[in-house]
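Observations on the three-dimensional arrangement
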Amino acid sequence: MLQRSRTQSLVLTGLSIALIAAGALITLPFGPIPFTLQTMMLGIVICLLPPAYSVAAVGGYLALGTIGLPVFSGMRGGIAMLVGPTGGFLVGFLVAAIIIAFMRSRVLKDDDDAPQKPLRPHWLLPTVDIASLVVFSLVYYLLGSLWFMVSTGASFGAAVAACVAPFLVVDIIKAAAALICIQPIRAVLGLSLARA
């Protein structure tokens, strides 16, 4: 049972990397930061996969882009994307995934070896999903804005105006769409992927 769960999680990790990359390919130019479905896909991944595997999926995606595969927005890749003005968002994705993985593993304790899994209140998992998406957005917004500020010499206010303000409404819609998708996907796949 444990081996099957790990095999399933590894397969889902690979599929998640592809899903994130596919979301990044849907790009609309919108000032210095492009509009993509990447963050929606990332939100789904960090809520569906076990914490360790969600970090692996985000890290794997960034590694593929860093070595030059065109998986970042606009079908771009390479180390230049990480060190450029928008690189803080990419780094922020991984930092956020790590923070959320830690948070979810503490709150959604689930022991594969336990003879009987503890019952959770029905509201706990959706609440943790919402909190995960909020933390995810806050972390990558903060790191993305700080990186943009340092790399362009803009003030923090100007960085927020360029990197955050134009995207707030769209990102709220994408987060809501991610939440709508998460539970049906979890049910179809038979997942209870809170465990690391």
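Rules and cut-offs
- Residues numbered from 1 in each chain as written.
- Predicted model: local features only at pLDDT ≥ 70, side-chain atom pairs only at ≥ 80, totals over all residues.
- Heavy atoms only, no water.
- Phe/Tyr/Trp six-rings, centres within 6.5 Å; stacked < 30°, edge-to-face > 60°.
- Helix = DSSP H or I, 4+ residues; strand = E, 2+ residues; numbered from the N terminus.
- Buried < 20%, exposed > 50% of the residue type's maximum accessible area, 1.4 Å probe, protein only.
- Polar contact = N/O pair within 3.5 Å; in protein donor to acceptor, adjacent residues only side chain to side chain.
- Core = buried A, V, L, I, M, F, W, Y, C linked by side-chain atoms within 4.5 Å.
- Contact = heavy atoms within 4.5 Å.
- Axes fitted to C-alpha atoms, helices over the stretch in contact; angles between N-to-C directions.
- Parallel < 35°, antiparallel > 145°, perpendicular 65-115°, else oblique.
- Left-handed = near helix turned anticlockwise from the far one by under 90°.
- Nonpolar A, V, L, I, M, F, W, Y, C, P; charged D, E, K, R; others polar.
- Patch = residues over 30% accessible without salt bridge, like charges linked within 9 Å, V, L, I, M, F, W, Y side chains within 5 Å.
- Areas by Shrake-Rupley, 256 points an atom, 1.4 Å probe, with all protein chains shown as cover.
- Salt bridge = Lys/Arg side-chain N within 4 Å of Asp/Glu carboxyl O.

Examining the packing of aromatic side chains
- A complete count under the given rule lists six aromatic pairs for this structure.
- Ring geometry for tyrosine 61 versus phenylalanine 72: centroids 5.5 Å apart, planes at 75°, classification edge-to-face. Residue tyrosine 61 is located in helix α3 (residues 51–66), and its partner phenylalanine 72 is located in the loop between α3 and α4 (79–83); the two are separated by eleven residues in the primary sequence.
- Classification of tyrosine 61 by relative accessible area gives buried; the value is 0%.
- Centre to centre, the rings of phenylalanine 93 and tyrosine 140 are 5.4 Å apart; their planes meet at 70°, and the pair counts as edge-to-face. Of this pair, phenylalanine 93 sits in helix α5 (residues 87–107) while tyrosine 140 is found in helix α6 (residues 124–152), placing the two residues 47 residues apart along the sequence. In this structure, phenylalanine 93 and tyrosine 140 share a single accessibility class: buried.

Topic: the environment of serine 16
- Position of serine 16 among the secondary structure elements: in helix α1 (residues 2–25).
- With a relative accessible area of 8%, serine 16 lands in the buried category.
- Between the alpha carbons of serine 16 and glycine 60 there is a distance of 9.6 Å; along the sequence they are 44 residues apart.
- In terms of polar contacts, serine 16 uses its side chain to reach the backbone carbonyl oxygen of leucine 12, at 2.6 Å.

What about the nonpolar core?
- Core analysis: the biggest nonpolar cluster contains 40 residues, and Tyr61, Phe72, Leu90, Phe93 and Phe136 have the highest contact counts within it.
- Contributing elements (two or more residues each) for this core: α1, α2 (38–48), α3, α4, α5, α6, α7 (156–163) and α8 (168–189).
- Apart from the residues within four sequence positions on either side, tyrosine 61 is in contact with Ile17, Ile20, Ala21, Ala24, Gln38, Val71 and Phe72.

Points about the packing of α2 against α6
- Packing of α2 against α6 brings their axes to within 10 Å, and their N-to-C directions diverge by 130°. Relative to α6, α2 is oriented oblique. Along this stretch, α2 crosses α6, giving a crossing that reads as right-handed. Touching Thr39, Leu42, Gly43, Ile46 and Cys47 of α2 are Asp129, Ser132, Leu133, Phe136 and Tyr140, all from α6.
- Its residues assigned to classes, the contact of α2 with α6 comprises six nonpolar, three polar and one charged.

A closer look at a nonpolar patch on the surface
- Among the surface-exposed residues, Leu64, Ile67 and Leu69 lie close enough to one another that they form a single nonpolar patch of about 270 Å² accessible area.
- In this fold, leucine 69 is placed in the loop between α3 and α4.
- Leucine 69 sits in the partly exposed class, given a relative accessible area of 38%.

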